[in-house]
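Results of the structural survey
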Amino acid sequence: MATTKTIKPTESELEILQILWKKGNASVREVHEELLQTKEAGYTTTLKLMQIMHEKGLVKRDDSIKTHIYQAAVSKEKTQKHLLNKMIDSLFGGSSGELVMQALGNHKASAEELEEIQKILDNLKKQ
(Lines give C-alpha, C1' and ligand atoms only; values in the text may rest on other atoms or scores of the structure.)
Protein backbone atom coordinates (compact mmCIF):
# COMPACT_ATOMS: atom_id res chain seq x y z
CA MET A 1 0.00 0.00 0.00
CA ALA A 2 1.35 3.40 -0.95
CA THR A 3 1.96 5.93 1.79
CA THR A 4 0.08 9.21 1.68
CA LYS A 5 3.35 11.09 2.19
CA THR A 6 4.37 10.27 -1.37
CA ILE A 7 0.87 10.60 -2.82
CA LYS A 8 -0.49 13.88 -4.04
CA PRO A 9 -3.88 13.15 -5.60
CA THR A 10 -5.26 15.72 -8.01
CA GLU A 11 -8.78 17.12 -7.62
CA SER A 12 -10.10 14.66 -10.24
CA GLU A 13 -8.35 11.76 -8.51
CA LEU A 14 -9.90 12.81 -5.20
CA GLU A 15 -13.36 12.72 -6.83
CA ILE A 16 -12.70 9.13 -7.93
CA LEU A 17 -11.33 8.19 -4.50
CA GLN A 18 -14.50 9.60 -2.87
CA ILE A 19 -16.59 7.28 -5.04
CA LEU A 20 -14.40 4.26 -4.25
CA TRP A 21 -14.39 5.04 -0.52
CA LYS A 22 -18.19 5.15 -0.62
CA LYS A 23 -18.71 2.07 -2.82
CA GLY A 24 -15.77 -0.08 -1.71
CA ASN A 25 -15.24 -1.73 -5.11
CA ALA A 26 -16.30 -0.47 -8.52
CA SER A 27 -15.67 -0.87 -12.23
CA VAL A 28 -14.58 2.07 -14.39
CA ARG A 29 -18.14 2.19 -15.78
CA GLU A 30 -19.64 2.47 -12.27
CA VAL A 31 -17.20 5.22 -11.29
CA HIS A 32 -17.86 7.02 -14.57
CA GLU A 33 -21.64 6.92 -14.05
CA GLU A 34 -21.22 8.43 -10.56
CA LEU A 35 -19.00 11.19 -11.96
CA LEU A 36 -21.58 12.04 -14.62
CA GLN A 37 -24.05 12.98 -11.87
CA THR A 38 -21.96 16.01 -10.94
CA LYS A 39 -19.88 16.87 -14.02
CA GLU A 40 -19.25 16.15 -17.67
CA ALA A 41 -16.61 13.48 -18.10
CA GLY A 42 -15.67 11.21 -20.96
CA TYR A 43 -15.47 7.49 -20.29
CA THR A 44 -11.96 7.26 -21.75
CA THR A 45 -10.85 10.14 -19.50
CA THR A 46 -12.15 8.29 -16.44
CA LEU A 47 -10.46 5.09 -17.60
CA LYS A 48 -7.12 6.85 -18.16
CA LEU A 49 -7.32 8.61 -14.80
CA MET A 50 -7.95 5.33 -13.02
CA GLN A 51 -5.05 3.68 -14.87
CA ILE A 52 -2.77 6.54 -13.77
CA MET A 53 -4.10 6.23 -10.21
CA HIS A 54 -3.24 2.52 -10.30
CA GLU A 55 0.32 3.34 -11.41
CA LYS A 56 0.61 5.91 -8.60
CA GLY A 57 -0.62 3.39 -6.03
CA LEU A 58 -3.82 5.28 -5.23
CA VAL A 59 -6.07 2.39 -6.27
CA LYS A 60 -5.81 -1.39 -6.47
CA ARG A 61 -7.13 -3.24 -9.49
CA ASP A 62 -8.49 -6.79 -9.66
CA ASP A 63 -7.96 -7.87 -13.26
CA SER A 64 -8.75 -11.54 -12.69
CA ILE A 65 -12.03 -11.12 -14.59
CA LYS A 66 -12.80 -9.32 -17.84
CA THR A 67 -14.22 -6.22 -16.14
CA HIS A 68 -11.48 -4.77 -13.94
CA ILE A 69 -12.63 -3.90 -10.45
CA TYR A 70 -10.94 -1.06 -8.58
CA GLN A 71 -10.77 -0.15 -4.92
CA ALA A 72 -8.98 2.63 -3.04
CA ALA A 73 -5.44 1.69 -1.97
CA VAL A 74 -5.23 4.64 0.43
CA SER A 75 -7.51 5.23 3.39
CA LYS A 76 -9.88 8.17 3.46
CA GLU A 77 -8.73 9.18 6.94
CA LYS A 78 -5.00 9.14 6.14
CA THR A 79 -5.56 11.03 2.89
CA GLN A 80 -7.72 13.65 4.63
CA LYS A 81 -5.14 14.05 7.40
CA HIS A 82 -2.26 14.39 4.94
CA LEU A 83 -4.04 16.94 2.75
CA LEU A 84 -5.35 18.89 5.75
CA ASN A 85 -1.89 19.11 7.33
CA LYS A 86 -0.49 20.29 3.99
CA MET A 87 -3.24 22.94 3.73
CA ILE A 88 -2.72 24.12 7.34
CA ASP A 89 1.00 24.52 6.68
CA SER A 90 0.67 26.26 3.33
CA LEU A 91 -2.46 28.41 3.81
CA PHE A 92 -2.60 29.05 7.55
CA GLY A 93 1.09 29.24 8.47
CA GLY A 94 0.83 26.04 10.49
CA SER A 95 -1.99 27.39 12.68
CA SER A 96 -4.85 24.93 13.05
CA GLY A 97 -6.64 27.58 15.13
CA GLU A 98 -6.72 29.95 12.15
CA LEU A 99 -8.15 27.14 10.00
CA VAL A 100 -10.94 26.43 12.51
CA MET A 101 -11.79 30.10 12.94
CA GLN A 102 -11.91 30.59 9.17
CA ALA A 103 -14.08 27.48 8.71
CA LEU A 104 -16.51 28.36 11.49
CA GLY A 105 -16.67 31.98 10.41
CA ASN A 106 -17.67 31.12 6.85
CA HIS A 107 -19.94 28.10 7.32
CA LYS A 108 -22.94 27.58 9.56
CA ALA A 109 -22.31 24.56 11.76
CA SER A 110 -25.26 22.50 12.99
CA ALA A 111 -25.94 22.11 16.71
CA GLU A 112 -24.67 18.51 16.48
CA GLU A 113 -21.45 19.61 14.80
CA LEU A 114 -20.88 22.33 17.39
CA GLU A 115 -21.45 19.79 20.15
CA GLU A 116 -18.89 17.44 18.57
CA ILE A 117 -16.40 20.30 18.19
CA GLN A 118 -16.92 21.21 21.86
CA LYS A 119 -16.20 17.60 22.90
CA ILE A 120 -12.97 17.67 20.89
CA LEU A 121 -11.97 20.99 22.49
CA ASP A 122 -12.77 19.65 25.98
CA ASN A 123 -10.64 16.54 25.34
CA LEU A 124 -7.76 18.67 24.04
CA LYS A 125 -7.88 20.84 27.18
CA LYS A 126 -7.60 17.70 29.36
CA GLN A 127 -4.40 16.52 27.61
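In short, a report on the structure.

Rules of the game
Residues numbered from 1 in each chain as written. Predicted model: local features only at pLDDT ≥ 70, side-chain atom pairs only at ≥ 80, totals over all residues. Heavy atoms only, no water. Helix = DSSP H or I, 4+ residues; strand = E, 2+ residues; numbered from the N terminus. Buried < 20%, exposed > 50% of the residue type's maximum accessible area, 1.4 Å probe, protein only. Pairing = 2+ DSSP bridges. Contact = heavy atoms within 4.5 Å. Axes fitted to C-alpha atoms, helices over the stretch in contact; angles between N-to-C directions. Core = buried A, V, L, I, M, F, W, Y, C linked by side-chain atoms within 4.5 Å. Patch = residues over 30% accessible without salt bridge, like charges linked within 9 Å, V, L, I, M, F, W, Y side chains within 5 Å. Areas by Shrake-Rupley, 256 points an atom, 1.4 Å probe, with all protein chains shown as cover. Salt bridge = Lys/Arg side-chain N within 4 Å of Asp/Glu carboxyl O. Expected span 1.5 Å × (residues − 1). Arc of directions from axis to C-beta.

1. Topic: the environment of isoleucine 69
Looking at the element boundaries, isoleucine 69 is found in strand β3 (residues 69–72). Residue isoleucine 69 is classed as partly exposed on the basis of its relative accessible area of 24%. Residues isoleucine 69 and valine 28, 41 residues apart in the sequence, show an inter-C-alpha distance of 7.4 Å.

2. A word on the sheet that holds strand β2 (residues 59–62)
What the three strands build is an open sheet, ordered β1-β3-β2; its pairing is antiparallel. The sheet terminates laterally at β1 (26–27) and β2, the two strands that pair on one side only. Direction of pairing for β2 relative to β3: antiparallel, over a ladder of four bridges. Counted as the bridge partner of arginine 61 is tyrosine 70 from β3. Each of β1, β2 and β3 is contacted by helix α1 (residues 11–23), which is oriented at about 95° to β3, the strand it contacts most. The strands touched by helix α3 (residues 43–56) are β2 and β3; relative to β2, the strand with the most contacts, the crossing angle is about 105°.

3. Some points on the nonpolar core
Where a protein is soluble and globular, its nonpolar side chains tend to be buried together. Counting 17 residues, the largest nonpolar core has Ile16, Leu17, Leu20 and Val31 as the members making the most contacts within it. Those elements giving two or more residues to this core turn out to be α1, α2 (28–36), α3 and β3. The element contributing the most residues to this core is α1, with five residues. What isoleucine 16 contacts, discounting residues up to four positions off in sequence, is Val31, Leu35, Leu49, Met50 and Met53.

4. Brief notes about a nonpolar patch on the surface
A surface patch of nonpolar side chains, about 270 Å² in accessible area, is lined by Leu84, Met87 and Leu91. Structurally, leucine 91 is set in helix α4 (residues 76–91).

5. Describing the pattern of salt bridges
All chains considered together, the criterion is met by four salt bridges. Where glutamate 34 meets lysine 22, a salt bridge forms, and the shortest distance between an N and an O atom there is 3.2 Å. Here lysine 22 lies in helix α1 and glutamate 34 lies in helix α2, a separation of twelve residues in the sequence. A relative accessible area of 60% places lysine 22 in the exposed class.

6. Points about α3
With 14 residues, α3 should reach 20 Å at 1.5 Å per residue; the first-to-last C-alpha distance of 20 Å fits that figure. Turning to α3, its buried residues are Thr46, Leu49, Met50 and Met53. Around the axis of α3, the buried residues are gathered within 95° of arc, so they sit on the same side. Turned more than 90 degrees away from the buried face of α3 sit Thr44 and Glu55, all of them exposed. Considering only its buried residues, α3 is in contact with α1, α2, β2 and β3. With its phi angle positive at about 90°, glycine 57 sits one or two positions after the end of α3.

By themselves, these are just geometric observations and shouldn't be taken as functional.
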